[in-house]
Amino acid sequence: MFEVEWLEVDDDYVMQLYQTVRIGHDIYVLRGRKEDVSRSADNPSYCSLTVNGVYFDNRNDEPFSLVLACANL
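What you see is a predicted model, and the numbers here were worked out from it, not measured in a lab.

About the thresholds
Residue positions are given per chain, counted from 1 along the sequence in the order it is written. Per-residue local features are limited, in this predicted model, to residues with pLDDT of at least 70; the limit for side-chain atom pairs, both in listing and counting, is 80 or more; totals at the level of whole chains, interfaces and linings are taken over all residues. Water and hydrogen atoms play no part in the side-chain values, which are based on all heavy atoms of the structure. Centre distance within 6.5 Å is the pairing criterion for rings of Phe, Tyr and Trp, where only the six-membered ring of Trp is used; planes under 30 degrees apart are then read as stacked, over 60 as edge-to-face, and the remainder as tilted. Under the DSSP-based scheme used, a helix requires at least four consecutive residues in state H or I and a strand at least two consecutive residues in state E, with every element numbered from the N terminus. Relative accessibility thresholds used throughout: buried, under 20% of the residue-type maximum; exposed, over 50%; partly exposed, between the two (1.4 Å probe, protein chains only). Strand pairing is defined by DSSP finding a minimum of two bridges between the two strands. In this description, contact between two residues means that some pair of their heavy atoms is separated by no more than 4.5 Å. Distance and chemistry together define a polar contact, namely a pair of N or O atoms within 3.5 Å, with one atom able to donate a hydrogen and the other to accept it when in protein, and with adjacent residues in sequence counting only for side-chain atoms on both sides. Axis definition: a line fitted to C-alpha atoms, over the contacting stretch in the case of helices. Angles run 0 to 180 degrees between N-to-C directions.

A. The arrangement of the packing of aromatic side chains in detail. Tallied over the full model, the rule gives 1 aromatic pair. With a centroid separation of 5.7 Å and 15° between ring planes, the pair formed by Trp 6 and Tyr 18 is classed as stacked. Residue Trp 6 is found in strand β1 (residues 2-9), and its partner Tyr 18 is found in strand β2 (residues 15-23); the two are separated by 12 residues along the sequence. We classify Trp 6 as partly exposed; its relative accessible area is 28%. Since its relative accessible area comes to 22%, Tyr 18 is described here as partly exposed.

Okay, here's the thing in structure tokens:
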């Protein structure tokens, strides 16, 4: 099970944070847009992902870890 987040820009050019849960390879439970996103007073149209909000898949659709890929270094 993975928690996945992504950013999209809406029609008003404001970044929105969306969340979903991925179970296995084929099941997604969409949580939708997150309402309580941290935004700065200087740039209220920008938001960022939360901690551990991103993970990458390799070409075999398996999770890719940059930490594990660089572990031998």
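So, next bit.
B. Spotlight on the pairing of strand β3 (residues 27-33). Of the strand pairs in this sheet, β2 and β3 are connected by 6 bridges, and their pairing is antiparallel. Paired with Val 21 across the bridge in β3 is Val 29. Here β2 folds back onto β3 in antiparallel fashion, the turn holding 3 residues, of which Gly 24 has a positive phi close to 70°.

C. Highlighting the environment of Glu 8. By secondary structure assignment, the location of Glu 8 is in strand β1. What makes Glu 8 partly exposed here is its relative accessible area of 39%. Excluding its chain neighbours within four sequence positions, the residues that come into contact with Glu 8 are Val 14, Met 15, Gln 16 and Tyr 18. Within polar-contact distance, the side chain of Glu 8 engages the side chain of Trp 6 at 2.9 Å.

D. Fine view of the sheet that holds β2. On the basis of which strands lie adjacent, the open sheet formed by 3 strands has the order β1-β2-β3 and antiparallel pairing. Of all the strands in the sheet, the pair left with one neighbour each is β1 and β3. Between one strand axis and the next, the sheet turns by 25° as a mean value, whatever way the strands run. Two strands pair when backbone bridges link them, and β1 and β2 are joined in this way by 8 bridges, in the antiparallel orientation. Counterpart to Glu 8 in the pairing with β2 is Gln 16.

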